[in-house]
Amino acid sequence: MPTITSKSGLLSKTELHYDETGQGRPVVLIHGWPLNGDSWAKQVPAFVEAGYRVITYDRRGFGQSEKPGKGYDYDHFADDLAALLDELDLTDVTLVGFSMGGGEIARYISRHGQERLRSVVFAAAVPPYLLKTDDNVDGALGDADVDGMQKAASDDRTGFLDGFTTSFFSVDGEIKVSEQDRQDALAMASQAEDKALVDCIAAFARTDFREDLTKVTVPTLVIHGDGDGTVPFEASGRRTAAAIAGSELHVVAGAPHGFTASHAEEFNSTVLTFLAR
């Protein structure tokens, strides 16, 4: 099982599982919550066939990566991503961040710069700031919403994830994937450590990426479904595209949050067109 080691200070080390396939310019796919790197199953073959070296990895606390008792915040997540890029010595990289993974991109650039990067893709991503506050009235979530999600995930993990994976793939109450796709997502979520599952809710909901986005100057694609009820387009994708000068925006009509599965063909063709430029 290939792993890299992310170091936080002198004593804290976290082993991160990764997979890589293909040859060519590197593309790193960063998964969403509460999934893992296997969630890119409908992207990896298409990107490899197009001539790219594709790397996926499991966020700390998820999948086959180590599950430490702390570090479930975006500074640690960004440093984990930096460790991956550094240890594999990746350059001319495109980062593709889905949902929570878009936050890693923004915070990575803010903390580590863009020297290794060619371009970035924010896919149904949580930036710029999901929490509704006095100076962020367009946020999608109130404090009570975040607290409620954390409580539900703690009190009834199985029931919460069952409902979440249904809404994840649904638009206006209609699920847009097969039941097998939903069960696959549940199986991935089952590998998440309890603390990681709960702490990451606060991380993606309460982290303000507005300042981070001002540091993004590499070519950027923002891709989002207009039926996304989990990370609403108006609160996230539209605002991220407006915040990054020169970014390209592609809206997938009728797509839920989990559009990498439900609308894989359009997602893949759009990202591959962007990569080829």
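Remember, it's a predicted structure, so these values are computed and weren't measured experimentally. (Residues numbered from 1 in each chain as written. Predicted model: local features only at pLDDT ≥ 70, side-chain atom pairs only at ≥ 80, totals over all residues. Heavy atoms only, no water.)

A. Broad picture of unusual backbone geometry. In this model, tryptophan 33 is joined to proline 34 through a cis peptide bond whose omega is 0°. Between proline 127 and the following residue, proline 128, the backbone shows a cis peptide bond with an omega angle of 10°. Along the chain, proline 128 turns up in the loop between β6 (117-123) and α4 (143-155). Of note in the backbone geometry, aspartate 92 takes a positive phi value of approximately 55° without being a glycine. Note on placement: aspartate 92 falls in the loop between α2 (74-87) and β5 (93-98). Although it is not a glycine, alanine 124 sits at a positive phi angle of roughly 45°. Relative to the elements of secondary structure, alanine 124 occurs in the loop between β6 and α4. Overall, the relative accessible area of 0% leaves alanine 124 in the buried class. (Helix = DSSP H or I, 4+ residues; strand = E, 2+ residues; numbered from the N terminus. Buried < 20%, exposed > 50% of the residue type's maximum accessible area, 1.4 Å probe, protein only.)

B. Looking closely at the pairing of strand β2 (residues 12-21). Where strand β1 (residues 3-8) and β2 come together, six bridges link them in antiparallel fashion. Looking across to β2, one finds that threonine 5 is bridged to glutamate 15. As paired elements, β2 and strand β4 (residues 52-57) share four bridges and run antiparallel to each other. Bridge pairing links threonine 21 to valine 54 in β4. (Pairing = 2+ DSSP bridges.)

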